[in-house]
Amino acid sequence: RWRNPLLDPAIAAPALGPAQPVRCGFLADLGDEAPRAEMVAADILFGVEEALRTSRGNLQHLFRAVNRGTVGVLEPAEFLDGIVRLGIAHKGQFTVEEIIQAMALIDPTFDGRVNFPALERAVAAARGVQRQQTQEAERLAQQHEKKVTQSYGEALPIEIVKVERQPKSLFDFERAFERFRKQQKELLAHHGELMQ
């Protein structure tokens, strides 16, 4: 009689346990001097993420043509064929050994085969890193735009001051006039014309 293995406490299979978190912390600070395995892993993860986004499919759909064995589990050679077929890498760019090293870096439970659940978690982590990098780039662009619009430009980084013609109160006028005087001193100092 068949019994569900999840109900049997005597079975301790790691595949039946909770999903292990993927290791993708290296994606955030990937530089030119990064180890080859990290570079290969980043190319794979970002490439698979882009392929998933453009095809609007899932991993099983993307790798269906090369998945010859168990659905959702690929041998490293099959995975390499799949990423070449998808255009993530060109033929000869990566070896099977490099794929194995990259997947061992990404998946803490890597057993020599690429499992889709772990790959999905890694791609999601790569998507999060990409989102953070995009947000940081947008934030820096906004800061630059704000600096340019509130100053005289890159060459003259002094804040623009506007004094109202009809201030609402004497206090507002004095505050704006003081900012104007400070700005004029900064401009004189910048041009080397400030008298001491």
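As the structure is a prediction and not an experimental result, all values here were calculated from the model. (Residues numbered from 1 in each chain as written. Predicted model: local features only at pLDDT ≥ 70, side-chain atom pairs only at ≥ 80, totals over all residues. Heavy atoms only, no water.)

### Here we look at the overall build of the chain
Here is step 1 of the chain: Scanning the chain from terminus to terminus reveals 6 helices and 2 strands.
Here is step 2 of the chain: Listing the helices and strands of the chain from first to last along the sequence gives α-α-β-α-α-β-α-α.
Here is step 3 of the chain: A fraction of 54% describes how many contacts in the chain between residues 6 or more apart in sequence connect residues 24 or more apart.
Here is step 4 of the chain: Entry remark: accessible area of the chain is about 13,600 Å², with carbon and sulfur atoms responsible for 53%. (Helix = DSSP H or I, 4+ residues; strand = E, 2+ residues; numbered from the N terminus. Contact = heavy atoms within 4.5 Å. Areas by Shrake-Rupley, 256 points an atom, 1.4 Å probe, with all protein chains shown as cover.)

### A look at the nonpolar core
Here is step 1 of the chain: The biggest cluster of nonpolar side chains holds 29 residues, and the ones touching the most others in it are Ile 44, Phe 63, Phe 79 and Ile 83.
Here is step 2 of the chain: The set of elements that each furnish at least two residues to this core consists of α1 (36-55), α2 (59-62), α3 (76-85), α4 (96-106) and α5 (116-149).
Here is step 3 of the chain: The dominant element in this core, judged by the number of residues it contributes, is α1, at 7 residues.
Here is step 4 of the chain: Apart from residues lying up to four places away in sequence, Phe 79 is in contact with Ile 44, Phe 63, Leu 74, Ile 99, Met 103, Val 114 and Leu 119. (Core = buried A, V, L, I, M, F, W, Y, C linked by side-chain atoms within 4.5 Å. Buried < 20%, exposed > 50% of the residue type's maximum accessible area, 1.4 Å probe, protein only.)

### Some remarks on the side chain of Glu 78
Here is step 1 of the chain: With respect to the secondary-structure elements, Glu 78 resides in helix α3.
Here is step 2 of the chain: Glu 78 gets classed as buried once you look at its relative accessible area, which sits at 10%.
Here is step 3 of the chain: Once residues within four sequence positions are removed from consideration, Glu 78 is found in contact with Val 66, Arg 68, Gly 69 and Val 73.

### Overview of α1
Structural remark: α-helix, 3.6 residues per turn; residues separated by three or four positions point the same way.
Here is step 1 of the chain: Under the 1.5 Å per step criterion, the end-to-end length of α1 is 28 Å for 20 residues, consistent within 8% with the ideal 28 Å.
Here is step 2 of the chain: The complete set of buried residues in α1 reads Ala 37, Val 40, Ala 41, Ala 42, Ile 44, Leu 45, Gly 47, Val 48, Glu 49, Ala 51 and Leu 52. (Expected span 1.5 Å × (residues − 1).)

### A word on the side chain of Glu 98
Here is step 1 of the chain: Within the secondary structure, Glu 98 sits in helix α4.
Here is step 2 of the chain: Its relative accessible area of 17% is what places Glu 98 among the buried residues.
Here is step 3 of the chain: Among the polar contacts made by the side chain of Glu 98, one reaches the main-chain amide nitrogen of Thr 95 at a distance of 3.0 Å.
Here is step 4 of the chain: If near-sequence neighbours (up to four positions away) are discounted, Glu 98 is found in contact with Arg 36, Val 40 and Gln 93. (Polar contact = N/O pair within 3.5 Å; in protein donor to acceptor, adjacent residues only side chain to side chain.)

### Focus on the packing of aromatic side chains
Here is step 1 of the chain: Taken as a whole, this structure holds 4 aromatic pairs when the rule is applied.
Here is step 2 of the chain: Relative to Phe 177, the ring of Phe 173 lies with its centre 5.9 Å away and its plane at 15°, an arrangement referred to as stacked. Within this pair, Phe 173 and its partner Phe 177 are both found in helix α6 (residues 170-190), separated by 4 residues, close to a single helical turn.
Here is step 3 of the chain: Here Phe 177 and Phe 180 contribute two aromatic rings whose centre-to-centre distance is 6.4 Å and whose plane-to-plane angle is 35°, an arrangement assigned as tilted. (Phe/Tyr/Trp six-rings, centres within 6.5 Å; stacked < 30°, edge-to-face > 60°.)

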